[in-house]
Amino acid sequence: MDLTRLFEVASQDKVSLMAREIYTLLLKSTNVSRSLDAALRILYDSGSSDAANSRTIALVSRSIYVELLDQNEDLAEEFRYSLTRLTGTVFVDLWHADTLPSYDKDARDEPEFQPPDAQLGCISSFISDLYAMGLMPKNWLSEFALFITEVFMHRDQLSHLEALLNRATSYMGEKLPLAVYLKVASNVRRRCHLILRHNEMTRQELALRHLLRALIRDCWSEHSLPRHSSIPYQHIVNDDYNCDMMMLDNIDDLEELYRLEGREHINATAVSDTDSVVSLSVSTDSESPEGLRLFVDLEGSETSLSDVDSEEATDKPRPVSASSGYMSPRSLSLGQRQMKPIDSLDQIPGDELIAP
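Residues numbered from 1 in each chain as written. Predicted model: local features only at pLDDT ≥ 70, side-chain atom pairs only at ≥ 80, totals over all residues. Heavy atoms only, no water.

Draft legend 1. Just the overall build of the protein chain, in detail. Helix and strand counts for the protein chain stand at 11 helices and 2 strands. Reading the protein chain from its N end, one meets helices and strands in the order β-α-α-α-α-α-α-α-α-α-β-α-α. Counting every position in the protein chain, which comprises 356 residues, the buried fraction comes to 53%. Once local pairs closer than 6 in sequence are excluded, the contacts in the protein chain between residues at least 24 apart make up 80%. Accessible surface for the protein chain amounts to roughly 16600 Å². Of this, 48% is attributable to carbon and sulfur atoms. (Helix = DSSP H or I, 4+ residues; strand = E, 2+ residues; numbered from the N terminus. Buried < 20%, exposed > 50% of the residue type's maximum accessible area, 1.4 Å probe, protein only. Contact = heavy atoms within 4.5 Å. Areas by Shrake-Rupley, 256 points an atom, 1.4 Å probe, with all protein chains shown as cover.)

Take a look at the structure:
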């Protein structure tokens with residue numbers, strides 16, 4: 001089986017133009033909290049609604065983050081943390097929900113409503129693409145992968161895990177620890193046997209096992225770079241891909257960004273309300289300060305990263321009480337100050353956008 005990973009994306013010019021438009025509006029905003037909220041909704045909705053758009057929107061997100069770093073590091077880190085936390089929150093929630101969370105309570109009555117499994121495939125792609133852009137910490141992705149191995153209820157759902165692992169280590173995405181891949185394989189086989197009653201491997205499990213073998217070999221390869229995968233990938237420019245069209249469903253949020261644009265460029269030091277971003281719009285019953293449904297507390301689940309002896313798990317996030325709105329490291333409570341800024345794109349190995 002050929003493991004070459006091909007991703008159709010919009011051209012670099014279109015990606016840069018859309019990124020520049022959004023980060024400029026953020027920096028000029030008269031209310032950066034509301035503008036950031038709107039920008040996050042735009043990127044999350046357009047990136048997680050269609051797997052075909054996922055890589056392009058992740059590239060836009062990456063470009064916004066890099067440009068913001070030059071102007072306002074605090075705002076850049078708030079942007080990165082909030083986007084990955086929002087996406088992760090909905091991802092975990094979807095795996096536990098019988099119906100999709102939605103900004104619109106009547107969405108289930110709409111013709112374009114997607115069943116949970118369809119949305120899981122889209123959001124799994126977006127999460128892995130955010131990681132591939134260097135926007136998500138490695139331990140978060142490891143937790144996501146191990147979490148899926150403990151909750152999947154059908155063999156077809158293994159395709160979401162396969163997509164997450166396969167896409168994540170392309171471009172700038174670092175390889176996960178070898179022990180994580182081994183634990184994923186072990187957990188999947190155990191759950192397929194004990195819960196799904198599959199004594200023999202199904203086609204879906206065999207496909208996942210084939211990918212895991214390649215990822216494990218890549219970890220052992222002497223020719224592989226220390227942090228990045230040697231499994232080939234390619235970004236193929238599709239001239240029909242248009243960032244504006246991908247974000248068309250969020251026209252109201254785009255209009256709000258423009259309404260909040262100040263007449264003069266706000267100096268980076270004057271933007272001081274990024275800590276007050278409290279209105280991320282995910283349907284929730286939570287009373288937490290962020291307005292987000294709390295991450296599911298996975299402390300009692302079968303697998304913990306401490307069980308796989310990850311070499312990267314040296315920075316242990318501070319323990320926080322459940323009432324504070326943050327959970328344990330197992331539920332992805334990683335503070336934004338623990339997420340170190342990423343260096344220039346030129347320092348990351350990998351292909352640039354390649355025209356067919």
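Draft legend 2. Fine view of the confidence of the model for the protein chain. Per-chain confidence: the protein chain averages 74 in pLDDT, with 66% of residues scoring 70 or above. For the protein chain, the element scoring lowest by mean pLDDT is helix α11 (residues 251-259), at 88; helix α3 (residues 51-71) scores highest, at 96. The model gives residues 98-109 a pLDDT under 50, and that stretch makes 24 contacts with residues more than four places away or in other chains. Segment residues 263-356: pLDDT under 50, and 194 contacts once partners within four positions in sequence are set aside and those in other chains are kept. (pLDDT = per-residue confidence, 0-100.)

Draft legend 3. Geometry of the packing of α3 against helix α4 (residues 73-96). Where α3 meets α4, the axes come as close as 6 Å, and the angle between the chain directions of the two elements is 155 degrees. Taken together, the axis directions place α3 and α4 in an arrangement best described as roughly antiparallel. On α4, the residues touching Ser 61, Ile 64, Tyr 65, Leu 68, Leu 69 and Gln 71 of α3 are Glu 73, Leu 75, Ala 76, Glu 77, Phe 79, Arg 80 and Leu 83. The class makeup of the residues in the contact of α3 with α4 is 8 nonpolar, 2 polar and 3 charged. (Axes fitted to C-alpha atoms, helices over the stretch in contact; angles between N-to-C directions. Parallel < 35°, antiparallel > 145°, perpendicular 65-115°, else oblique. Nonpolar A, V, L, I, M, F, W, Y, C, P; charged D, E, K, R; others polar.)

Draft legend 4. View of the pattern of salt bridges. Overall, the coordinates contain 10 salt bridges when judged by the stated rule. For Asp 37, the salt bridge identified is with Arg 41, shortest N-O distance 2.9 Å. Of this pair, Asp 37 and Arg 41 both sit in helix α2 (residues 32-48), 4 residues apart, roughly one helical turn. We note that Asp 37, like Arg 41, is buried. Taking the shortest distance from any N to any O, the salt bridge between Arg 227 and Glu 174 comes out at 3.0 Å. Of this pair, Arg 227 sits in the loop between α9 (203-220) and β2 (233-237) while Glu 174 sits in the loop between α7 (158-168) and α8 (178-194), placing them 53 residues apart in sequence. (Salt bridge = Lys/Arg side-chain N within 4 Å of Asp/Glu carboxyl O.)

Draft legend 5. Quick look at the nonpolar core. If you look at the biggest cluster of nonpolar residues, it comprises 86 residues, and the most contacted ones within it are Phe 91 and Leu 165. The biggest single contributor to this core is α4, with 11 residues. Not counting residues within four places of it along the chain, the set of residues in contact with Leu 165 comprises Ala 145, Leu 176, Tyr 181, Val 184, Leu 208, Leu 211, Leu 212 and Leu 215. (Core = buried A, V, L, I, M, F, W, Y, C linked by side-chain atoms within 4.5 Å.)

Draft legend 6. Molecular detail of unusual backbone geometry. You will see that Tyr 171, though not glycine, has its phi angle at about 55 degrees, which is positive. Looking at where Tyr 171 falls in the secondary structure, it is placed in the loop between α7 and α8. According to the relative accessible area criterion, Tyr 171 is buried, its value standing at 9%. Even without glycine at this site, Arg 197 takes up a positive phi of about 60 degrees. For Arg 197, a relative accessible area of 65% puts it in the exposed group.

Draft legend 7. Focus on the packing of α2 against α3. Across the interface, α2 lies against α3 with an axial gap of 7 Å and an inter-helix angle of 155 degrees. Classified by the angle their axes make, α2 and α3 are roughly antiparallel. The segment α2 lies against α3, with Leu 43, Ser 46 and Gly 47 engaging Asn 53, Ser 54, Ile 57, Val 60, Ser 61 and Ile 64. Of the residues that constitute the contact of α2 with α3, the class distribution is 4 nonpolar, 5 polar and no charged.

Draft legend 8. Geometry of the pairing of β2. Judged by which residues are buried, β2 turns out to be one-sided: Tyr 233, His 235 and Val 237 face inward and are buried, whereas Gln 234 and Ile 236, on the alternate face, are not. Both strand β1 (residues 5-9) and β2 contribute to a ladder of 5 bridges, which runs parallel. The residue bridging Leu 6 from the neighbouring strand is Gln 234, located in β2. (Pairing = 2+ DSSP bridges.)

Draft legend 9. A look at the environment of Lys 175. With respect to the secondary-structure elements, Lys 175 resides in the loop between α7 and α8. Measuring from C-alpha to C-alpha, the distance between Lys 175 and Ile 216 comes to 9.6 Å, with 41 residues separating the pair along the chain.

Draft legend 10. Expanded view of the environment of Leu 212. Residue position: Leu 212 is located in helix α9. Residues contacting Leu 212, with those up to four places away along its chain left out, are Leu 165, Tyr 181, Val 184 and Ala 185.

Draft legend 11. Region of the structure containing the packing of aromatic side chains. Scanning all chains against the criterion turns up 4 aromatic pairs. Relative to Phe 144, the ring of Phe 91 has its centre 4.9 Å away and its plane inclined at 75 degrees; by these criteria the two rings are edge-to-face. In this pair, Phe 91 sits in helix α4 while Phe 144 sits in helix α6 (residues 138-151), placing the two residues 53 residues apart along the sequence. Taken as a pair, Phe 91 and Phe 144 share a single burial class, namely buried. With centroids separated by 6.3 Å and ring planes inclined at 80 degrees, the aromatic side chains of Tyr 171 and Tyr 233 adopt a geometry described as edge-to-face. Taken as a pair, Tyr 171 in the loop between α7 and α8 and Tyr 233 in strand β2 lie far apart in primary sequence, 62 residues in all. (Phe/Tyr/Trp six-rings, centres within 6.5 Å; stacked < 30°, edge-to-face > 60°.)

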